[in-house]
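In case you want the letters, here they are:
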Amino acid sequence: MIVKSEFIGSGAHWNVERIYFNENGILKTVIHKKAKSLNRLDIDDNLAKYDLIARNELPTLSMFLFHNSEVSDFIIAEDLNPPQSDGLYVSPNTVRNASSYASLIVDYLNPNKELSIEKLEKFNLIKYLKDPKKLSNLNDEKILDGAEKEIYTNKIETISNLKEFWANSMNDMINASKNRIEIFSDAFFFRVRKSNNEVEYKIADFDNIQSHHDSEMSMEDLINLNMSHFETSFGEFIEFFVVHQKQEILRYEIKTCGNTLYK
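Residues numbered from 1 in each chain as written. Predicted model: local features only at pLDDT ≥ 70, side-chain atom pairs only at ≥ 80, totals over all residues. Heavy atoms only, no water.

A. Representation of unusual backbone geometry. A positive phi angle, near 60°, is found at Gln84, a position not held by glycine. Among the structural elements, Gln84 can be located in the loop between strand 5 (73–78) and helix 2 (92–97). Of note, Arg180 is a non-glycine position whose phi angle comes to about 65°, a positive value. With respect to the element layout, Arg180 can be found in the loop between helix 7 (162–178) and strand 6 (181–183). (Helix = DSSP H or I, 4+ residues; strand = E, 2+ residues; numbered from the N terminus.)

B. Molecular detail of the sheet that holds strand 3 (residues 26–35). Taken in spatial order, the five strands of this open sheet run 1-2-3-5-4, and their pairing is antiparallel. With partners counted over all chains shown, the strands left at the sheet margins are strand 1 (2–10) and strand 4 (64–68), one partner each. The mean angle between the axes of side-by-side strands here comes to 30°, regardless of whether they run parallel or antiparallel. Taken together, the four bridges between strand 3 and strand 5 define a ladder with antiparallel strand orientation. (Pairing = 2+ DSSP bridges. Axes fitted to C-alpha atoms, helices over the stretch in contact; angles between N-to-C directions.)

C. Region of the structure containing the environment of Ser185. Tracing the backbone through its elements, the reader meets Ser185 in the loop between strand 6 and strand 7 (188–192). Here the alpha-carbon distance between Ser185 and Glu236, two residues 51 residues apart in the chain, equals 9.7 Å.

D. Main features of the side chain of Gln247. Position of Gln247 among the secondary structure elements: in helix 9 (residues 244–256). Judged by relative accessible area, Gln247 falls into the buried class, the value being 7%. Setting aside residues up to four positions removed in sequence, Gln247 forms contacts with Ile238, Glu239 and Val242. (Buried < 20%, exposed > 50% of the residue type's maximum accessible area, 1.4 Å probe, protein only. Contact = heavy atoms within 4.5 Å.)

E. Spotlight on the packing of helix 8 (residues 219–241) against helix 9. Helix 9 packs onto helix 8 with a crossing angle of 155° between their chain directions and a minimal axis gap of 9 Å. One way to sum up the angle between helix 8 and helix 9 is to call them roughly antiparallel. Note on packing geometry: the crossing formed by helix 8 with helix 9 is right-handed. Residue-level contacts link Phe234, Ile238 and Glu239 of helix 8 to Gln247, Leu250, Arg251 and Ile254 of helix 9. Taken together, the residues of the contact of helix 8 with helix 9 sort by class into four nonpolar, one polar and two charged. (Parallel < 35°, antiparallel > 145°, perpendicular 65-115°, else oblique. Left-handed = near helix turned anticlockwise from the far one by under 90°. Nonpolar A, V, L, I, M, F, W, Y, C, P; charged D, E, K, R; others polar.)

F. A look at the pattern of salt bridges. Counted according to the given criterion, the structure contains 14 salt bridges. For Glu6, the salt bridge goes to Arg18, with nearest N and O atoms at 3.7 Å. On the criterion of sequence distance, the pair formed by Glu6 in strand 1 and Arg18 in strand 2 (residues 14–23) is long-range, its members being twelve residues apart. Take Glu6: its relative accessible area is 31%, and that puts it in the partly exposed class. Among the ionic pairs, Arg55 bridges to Asp51, the shortest N-O distance being 3.2 Å. With Arg55 and Asp51 both in helix 1 (residues 40–55), this residue pair falls four residues apart, about one helical turn. (Salt bridge = Lys/Arg side-chain N within 4 Å of Asp/Glu carboxyl O.)

G. Representation of the side chain of Asn93 in the model. Following the sequence through the fold, Asn93 ends up in helix 2. Side chain to side chain, Asn93 and Arg96 meet in a polar contact 3.3 Å long. (Polar contact = N/O pair within 3.5 Å; in protein donor to acceptor, adjacent residues only side chain to side chain.)

What follows is the structure, given as structure tokens:
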């Protein structure tokens, strides 16, 4: 029985809702992804890319299914952050593309940009327009919602399994490459478990997957590309979600794992 639905995001191609339902007295959740284009081909493409990732045993969602209803077609997917989850999965891509408080003011003052006064009021920024002296107090703090806001605000202090995680992840990138799959940096979501401070990842954005089965790209080049994409994404995870004083330590630990590029 569905209890409620919650709109949680809108990207370039999808509107995403979290659906709460009651199963034997336990509150559970799933994700509904609806294509903005209302084109079945977009859904089929995502399903095929998910299947490519899952079939090759790469870390990904446990469920990603097509659903047809009288109202619309959509995808039902595992919720990465259900109630009582052991830590929250976050996307570095979400933070990278988010507006900052300072950038909103700059956009509003730019005559070539359209930004409503309602949006400034929503984020309590009207006070800066009324008193320009306060503009100097603005910083590049990102404006976020949901899991990204929670971990961006309450940053991670400890990762207990970094070397093991890095070695396993690089092996995953080699496995993906041997199966002619390229995984771009925006596809990765990361979580540090509250229970043991261990970091893990899942591939959960299938717009950022490309098959190279018909490509002439060499195996070595594809492996290096995938490793580079992963390094970029995890580097941004450290930058956005780890306390500043621990960031250089983690980057050094990664370097001590050896040259991550494939030889």
